[in-house]
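For reference, the chains in residue letters:
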Amino acid sequence: MPGFELFGGEERKEVNDVLDTGILMRYGFDALRKGNWKAKELEETICKVFGAKHAQLVSSGTAALTTALSALGIGYGDEVIMPAFTFVASFEAVLSVGAVPVLVDVDDTLTLAPAAVRSAITPKTKCIMPVHMCGSMADLDALMAICKEHKLILLEDACQSIGASYKGKHLGTIGDAGTFSFDFVKTITCGEGGAVLTNNETTYIKCDGYSDHGHDHKGADRGAELHPFIGYNFRISELHAAVGLAQIKKLDRFLAIQKKNQALLKNILSQIPEVSFRRIPDPAGDSCTFLSWFLPTEELTRAVVNELKVQNILAGNFYWYDNNWHYIRRWDHLKNSVTLNALHPELKEKVIHHATKDFAASDAVMSRCISTAISLLWNEEQVKEKGEKISSLIKKMLNTQKATA
Ligand SMILES: Cc1ncc(COP(=O)(O)O)c(C=O)c1O
């Protein structure tokens, strides 16, 4: 998800606009900022590009999730159903508002398995939070139907899927709210930053206040603003927003390169009958930041991962099953509920429950999955070279396996 790979004069120009005035803050100082409102401009551009009615920029994707959860009224005692394959930020945000993250299985879409969601619903469930991992989408029709049936909130964590869509609508704009991350390794980056997208004005107004100490942002005197509720400081700076403004103008170009490179790579790997690919509910909407593929067994997948390491080409190929950041198997801090301050005993008990919960269905998918990150810098020759290398390595391991069988 490498917006940073094509970084240059456009970003420098936007940042220099801000540095020239010295007004690094997004609010106030109207006279001194010489017409520069980078955060506001980026919010307006996000709305236009993604077709959302409202966008609230914040300091990170994690802050966006926390802000969205709060604005949607999710808090103490509420259960939020989310996938076992995500980034730690997704459950951190849920815990930070005092709610219970309920992690459930993923399927071959690498996102929430609708059947697992259904079985996890209790009277305390308030929200379903699909995470559109690795550039592509969850089965949103199925999840929306569950939300409708049980009157639940749908919050899309689209932090990894900027520019992807489902049936013609951008991910992040379909649920009650959605979130983007603009951290350094996302499709487009601000350095650090995030956004909440929503079509609901009330939710937006809450996000706007919550991310700036609860200020109501009414009138011209910031010091005289009222606080209809308690908020926090999750503000983005003008410098970060300026970088994002340059990056968002390049998004179409980034997506086109990703699509082309991913298709080339997929074509090469699909020549091997033993390789299968991630199921994508709407293939046309894949942002193609990764190509995620499966081998028939964990044993073979491990052998391939090992050979990628031996041949020094593992970088950019992710075996999430062993990864400390993205899959429940390695989240001992969550499973043991290791926090710096006390959690409510009821919440702690529900968090610790994940240590003994059965994730066999997810294990069966994740243990066979490798995701290859798609670079914006590859030319056609390089993609082919990369694909051929991976492909001959898989064939070698398949032959070794056959020989020893
Ligand atoms: C799925 C997902 N959600 C949330 C986040 C949090 O974003 P940030 O790093 O901007 O806090 C990330 C970041 O990697 C992510 O991948």
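Remember, predicted model here, so these are calculated numbers, not experimental data.

S.K.: Give me helix α1 (residues 9–21): which residues, what numbers.
M.R.: Look at α1: 19 Å from first C-alpha to last across 13 residues, which is about the 18 Å you get at 1.5 Å a residue. Taken together, the buried positions of α1 are occupied by Glu11, Glu14, Val15, Asp17, Val18 and Thr21. Close packing links the buried residues of α1 with α2 (38–50) and α8 (238–248). With its phi angle positive at about 80 degrees, Gly22 sits one or two positions after the end of α1.

S.K.: So, the pairing of strand β2 (residues 79–83): which residues are in play, and what are the values?
M.R.: Across the 5 residues of β2, 5 count as buried, placing the element largely inside the fold. Of the two faces of β2, the one lined by Glu79, Ile81 and Pro83 and the one lined by Val80 and Met82 are each fully buried. In this structure, β2 lies alongside strand β3 (residues 100–104), joined through 5 bridges in parallel fashion. Each residue of the ladder has a partner; that of Val80, found in β3, is Pro101. As for the winding sense of the linkage, the β-α-β connection from β2 through helix α4 (residues 88–96) to β3 is right-handed. Pairing analysis gives 3 bridges linking β2 to strand β4 (residues 125–128), with the strands arranged parallel. Bridge pairing in β4 places Glu79 opposite Thr125.

S.K.: Give a detailed account of the sheet that holds strand β9 (residues 194–198), specifying residues and quantitative values.
M.R.: With mixed pairing, 7 strands are arranged side by side in an open sheet as β1-β9-β8-β5-β4-β2-β3. Because the sheet does not close on itself, it has two edges, and the strands there are β1 (54–58) and β3. Sheet twist, expressed as the average angle between the axes of neighbouring strands with direction ignored, equals 25 degrees. Taken together, the 5 bridges between β1 and β9 define a ladder with antiparallel strand orientation. Within β9, the residue paired with His54 across the bridge is Thr198.

Criteria and thresholds
Residues numbered from 1 in each chain as written. Predicted model: local features only at pLDDT ≥ 70, side-chain atom pairs only at ≥ 80, totals over all residues. Heavy atoms only, no water. Helix = DSSP H or I, 4+ residues; strand = E, 2+ residues; numbered from the N terminus. Expected span 1.5 Å × (residues − 1). Buried < 20%, exposed > 50% of the residue type's maximum accessible area, 1.4 Å probe, protein only. Contact = heavy atoms within 4.5 Å. Pairing = 2+ DSSP bridges. Right-handed = clockwise from strand over helix to strand, strands pointing away. Axes fitted to C-alpha atoms, helices over the stretch in contact; angles between N-to-C directions.

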